[in-house]
Amino acid sequence: RLLSVLRRRCDIAGKRLSGPGLAAEGRVLRAVLYVYHSRLLRHRPYLALQQVEQCLKRLWKMNLVGSLETLVELIPKKNASEAHAECLVPSQPMLEAVSLKVLGGCKLILRLLDCCCKAFLLSVKHLCSQEFILLNTVASGLLSRLWFVIQYRCVLQTLTSLYGALGTMLHLVSETQQMPYIKGFTFPSDISNFLGVNVSSEAKKQKAKMLATKGSTSWMKKLFPAMPEAVSKTGKKRKSETCTSAVKKQSMPCPVDIGETVL
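The protein is annotated in an unreviewed UniProt entry as NEPRO protein from Vireo altiloquus.

**Q** Looking at this model, I keep getting lost on the packing of aromatic side chains. Mind explaining?
**A** The geometry of an aromatic ring pair is captured by two quantities: the separation of the ring centres and the angle between the planes. Counting across every chain of the model gives one aromatic pair. A ring pair is formed by F185 and F187, whose centres lie 5.2 Å apart and whose planes are at 85°; its orientation type is edge-to-face. Among the residues examined, F185 registers a relative accessible area of 31% and is labelled partly exposed. K107 extends its terminal NZ or CZ atom over the ring of F194, reaching a point 5.3 Å from the ring centre.

**Q** When you look at the environment of V102 in this model, what are you seeing that I'm missing?
**A** Among the structural elements, V102 can be located in helix α5 (residues 92–128). For V102, a relative accessible area of 0% gives the class buried. Sequence separation between V102 and L166 is 64 residues, and the spatial gap between their C-alpha atoms is 9.4 Å. Filtering out sequence-adjacent residues up to four positions away, V102 remains in contact with L64, L159, L162, Y163 and L166.

**Q** Looking at this model, I keep getting lost on helix α4 (residues 64–74). Mind explaining?
**A** Note: α-helices contain 3.6 residues per turn, so residues at a spacing of three or four share the same orientation. Within the span of α4, buried status applies to L64, V65, G66, S67, L68, L71 and V72. Of the surrounding elements, those touching the buried residues of α4 are α1 (2–17), α5 and α7 (155–176).

**Q** Looking at this model, I keep getting lost on the packing of α4 against α5. Mind explaining?
**A** Helix-helix packing is described using two parameters, namely the angle between the two axes and the distance between the axes. With their axes 10 Å apart at the nearest point, α4 and α5 run at an angle of 150° to one another. Between α4 and α5, the crossing angle belongs to the class labelled roughly antiparallel. Between α4 and α5 lies a crossing whose hand is left-handed. Residues L64, S67, L68, T70, L71 and L74 of α4 touch α5, and the partners they reach there are M94, L95, V98, K101 and V102. Of the residues assigned to the contact of α4 with α5, the class counts are eight nonpolar, two polar and one charged.

So, how was this worked out
Residues numbered from 1 in each chain as written. Predicted model: local features only at pLDDT ≥ 70, side-chain atom pairs only at ≥ 80, totals over all residues. Heavy atoms only, no water. Phe/Tyr/Trp six-rings, centres within 6.5 Å; stacked < 30°, edge-to-face > 60°. Buried < 20%, exposed > 50% of the residue type's maximum accessible area, 1.4 Å probe, protein only. Lys NZ or Arg CZ within 6 Å of the ring centre and 35° of its normal. Helix = DSSP H or I, 4+ residues; strand = E, 2+ residues; numbered from the N terminus. Contact = heavy atoms within 4.5 Å. Axes fitted to C-alpha atoms, helices over the stretch in contact; angles between N-to-C directions. Parallel < 35°, antiparallel > 145°, perpendicular 65-115°, else oblique. Left-handed = near helix turned anticlockwise from the far one by under 90°. Nonpolar A, V, L, I, M, F, W, Y, C, P; charged D, E, K, R; others polar.

Given below as structure tokens:
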């Protein structure tokens with residue numbers, strides 16, 4: 001039963017780490033940094049973006065997905081009739097190595113979320129100051145999507161639950177046959193103590209900060225001044241008239257422009 005749980009959690013963690021969303025956001029982030037490299041070397045949002053990219057790069061270089069795939073290959077597939085039979089299990093060195101990578105991956109993802117939150121707040125702050133409007137607009141959208149992909153796909157929560165299954169299996173295997181591979185390090189029984197924060201509460205705090213910043217429209221009003229009331233009414237009337245005429249002329253073969261003129 002423990003082996004089947006461990007296999008299932010390894011599969012889920014591998015799929016969420018290697019999903020298309022996280023990889024796509026990483027490629028877009030690298031492209032943005034490449035485009036603005038020679039222009040914004042000392043710009044604070046750009047430096048914050050570099051920290052986010054560094055965390056992503058370290059996460060890929062860990063090859064955590066490859067380690068999880070190797071561990072899954074070592075877990076035998078059992079039929080229902082063979083559930084109580086003896087079987088081979090992954091060795092203690094293998095479980096210790098994967099557990100250590102999972103701990104490091106959780107630390108990195110926690111750091112990545114923190115960097116995303118800080119870089120997002122910096123981008124919006126400089127956007128309010130009307131500095132590098134294009135870069136900061138792209139950066140704020142990119143960072144909010146990257147943060148949302150990690151939280152929505154529950155990557156960090158999946159790794160913490162995987163570590164719980166790894167810890168239980170490691171304890172049972174080490175009791176059967178002592179073969180310690182990593183010496184001088186005690187694997188924590190509770191990963192929250194190792195991370196130093198509560199994962200769910202930290203995510204809620206970061207989300208509240210980002211939503212509070214996105215919710216304020218003061219910076220949007222600075223960039224796009226409010227339209228005068230008379231002009232606004234004229235535009236609305238013109239739009240309704242244009243739409244009405246477009247409906248009447250639907251049978252015409254040529255396309256009809258139903259857009260509103262930008263004043």
